[in-house]
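# Chains, contacts and geometry: an overview
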Amino acid sequence: TGAVDPSTFDSGTYNSLNCGIEGVTVYSKSGDCSSLASDSIFAFTNKSKAYFLKNMHSTVHISGSNDYSFRNPVQFINLVDPEVRDMHYEVDAVLDSLFYHPTHPPF
């Protein structure tokens with residue numbers, strides 16, 4: 001699941017950790033590499049593009065069926081208190097998926 005850059009949060013919200021994973025920076029609210037949670041963020045660069053991923057997996061299950069489920073799409077819009085910034089994150093995520101996802105054809 002995608003995440004926003006930890007530097008966009010208030011100072012001190014996330015701590016940068018050295019968890020011994022080459023090329024990956026881990027950001028956590030809890031403090032150390034042994035207690036990563038769903039709000040932990042992993043940052044890495046691929047083909048000169050920075051990626052930020054949350055430590056979680058979101059799946060939607062179809063009610064009344066055990067046979068059908070799908071990955072919940074990423075969204076950055078705060079439904080309680082939407083801001084213009086959230087729309088920029090949402091549009092940026094869609095554009096990134098169109099240009100960088102390996103299953104999309106070239107334009």
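Okay, so let's go over this structure.

### Brief notes about the pattern of salt bridges
Summed over the entire model, instances satisfying the criterion amount to two salt bridges. Two residues, lysine 49 and aspartate 96, come together in a salt bridge whose shortest N-O distance is 3.0 Å. With lysine 49 in strand S4 (residues 49-54) and aspartate 96 in helix H1 (residues 84-100), this residue pair connects regions lying 47 residues apart in the sequence. Take lysine 49: its relative accessible area is 16%, and that puts it in the buried class. Here aspartate 96 falls in the partly exposed class, since its relative accessible area comes to 22%. Aspartate 86 is paired through a salt bridge with arginine 85; the nearest N and O atoms lie 3.1 Å apart. The buried category is assigned to aspartate 86, whose relative accessible area is 3%.

### Overview of the pairing of S4
Here strand S3 (residues 41-46) pairs with S4 via six bridges, running antiparallel. Note that in S4 the partner of phenylalanine 42 across the bridge is leucine 53. Remark: two residues form the turn of the hairpin made by S3 and S4, two consecutive strands paired antiparallel; lysine 47 in that turn has positive phi of roughly 55°.

Rules behind the numbers
- Residues numbered from 1 in each chain as written.
- Predicted model: local features only at pLDDT ≥ 70, side-chain atom pairs only at ≥ 80, totals over all residues.
- Heavy atoms only, no water.
- Salt bridge = Lys/Arg side-chain N within 4 Å of Asp/Glu carboxyl O.
- Helix = DSSP H or I, 4+ residues; strand = E, 2+ residues; numbered from the N terminus.
- Buried < 20%, exposed > 50% of the residue type's maximum accessible area, 1.4 Å probe, protein only.
- Pairing = 2+ DSSP bridges.

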